[in-house]
Amino acid sequence: MSAAHYFDLDLQEGGVALLTLNQPERMNTMAPDFFPALRDAVQRLHDDGQARVLVIASTGKHFSAGMALQTFAGQGGLLDTSDARARLSFQDSLRRLMACFTVLDEARFPVICAVQGGCIGGAFDLAAACDIRLCSADAFFSIQETTIGMAADLGILQRLQGLIPAGMARQMAYTGERLGAERALQLGLVNAVAPDAAALLEQALALARQIALKSPLAIAGSKLALNHARDHGVAASLQQMSLLQSALFDTGEMGRAIMAWQAKREDAGFEALKPVAPLPQG
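Residues numbered from 1 in each chain as written. Predicted model: local features only at pLDDT ≥ 70, side-chain atom pairs only at ≥ 80, totals over all residues. Heavy atoms only, no water.

We now examine the nonpolar core. Ranked by internal contacts, the top residues of the largest apolar core, which has 56 residues, are Phe34, Leu54, Leu104, Leu126 and Phe141. If you list the elements that add at least two residues to this core, you get β2 (16-21), α1 (34-48), β3 (53-57), α3 (84-106), β4 (111-115), α4 (122-128), α6 (166-175) and α7 (181-187). The element contributing the most residues to this core is α1, with seven residues. Setting aside its immediate chain neighbours within four residues, Phe34 contacts Tyr6, Phe7, Leu21, Phe101 and Leu126. Counting 18 residues, the second largest nonpolar core, distinct from the first, contains Ile112, Ala192, Leu205 and Ala208. (Core = buried A, V, L, I, M, F, W, Y, C linked by side-chain atoms within 4.5 Å. Buried < 20%, exposed > 50% of the residue type's maximum accessible area, 1.4 Å probe, protein only. Helix = DSSP H or I, 4+ residues; strand = E, 2+ residues; numbered from the N terminus. Contact = heavy atoms within 4.5 Å.)

Quick look at the pairing of β4 now. In terms of burial, β4 is a largely internal element, five of the five residues being buried. Burial of β4 is two-sided: the residues Val111, Cys113 and Val115 facing one way and the residues Ile112 and Ala114 facing the other way are all buried. With three bridges connecting them, β3 and β4 associate as parallel partners. Looking at β4, one finds that Val55 is bridged to Ile112. With four bridges connecting them, β4 and strand β6 (residues 132-136) associate as parallel partners. Bridging across to β6, Val115 finds its partner in Cys135. (Pairing = 2+ DSSP bridges.)

Evaluated as defined, the whole model comprises five salt bridges. Between Asp105 and Arg230 there is a salt bridge, and its shortest N-O distance comes to 2.9 Å. Linking Asp105 in helix α3 with Arg230 in helix α9 (residues 216-231), this pair joins segments that are 125 residues apart in sequence. According to the relative accessible area criterion, Arg230 is partly exposed, its value standing at 47%. Here the residues in one salt-bridge network are Asp105, Arg230 and Asp231, joined through shared partners. (Salt bridge = Lys/Arg side-chain N within 4 Å of Asp/Glu carboxyl O.)

Here it is in structure tokens:
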């Protein structure tokens, strides 16, 4: 299937990109080719430089029910662990699947995930890789893999303990229980709870537009610093910050921001980031 079978992608005015999962009749489940489609779409936004924020939203009752169950029955070589050679290949295949969500974490723009209804299994892995999560009042989150006899393997076990208390993350992983919207807000998994899906999307886009008005250079630098600090100690992160700031510090960018702030103008007219130059073709 093409990406259009799984989601719609729209780059709106002001640099806000909206990616909307569009298979509500299938509860927006993720077949194997969903993963590279998502990866490639996000990578194109990253490389192009025009997107300043990405909002991931959905359609229908649920955000996503995660990996399509038929995937586990019909993927032969992809899931083959019958001998040592097969297991070695399986590891590479799994790392490539993981990378399809890691691209959200590594994108040079913030990613906001707007969750309505169920965010289950692989969809929770996706949401955890985003910068910010918002949800509707009927939302719930579940590490469903435990229920079908496997450990979750696309990043949720590695990221969730950094988002909510470790004991609660372990409880969710061990039991497969649902975490409702209000409890998710209390634990800090989501930043806000909207009354319904329409209000949720409105709130997510409003937040995205607020971020998109800031210097994309400052936002990209902040994300790099925050991600490094999350994964390293304070001393190493301060060292990285000194190198990062020497690369990003731009008095012209600051002057533009200060002038707009003093004039009480929301839009300072910042330039988009430069595109990432493609590798030469042989």
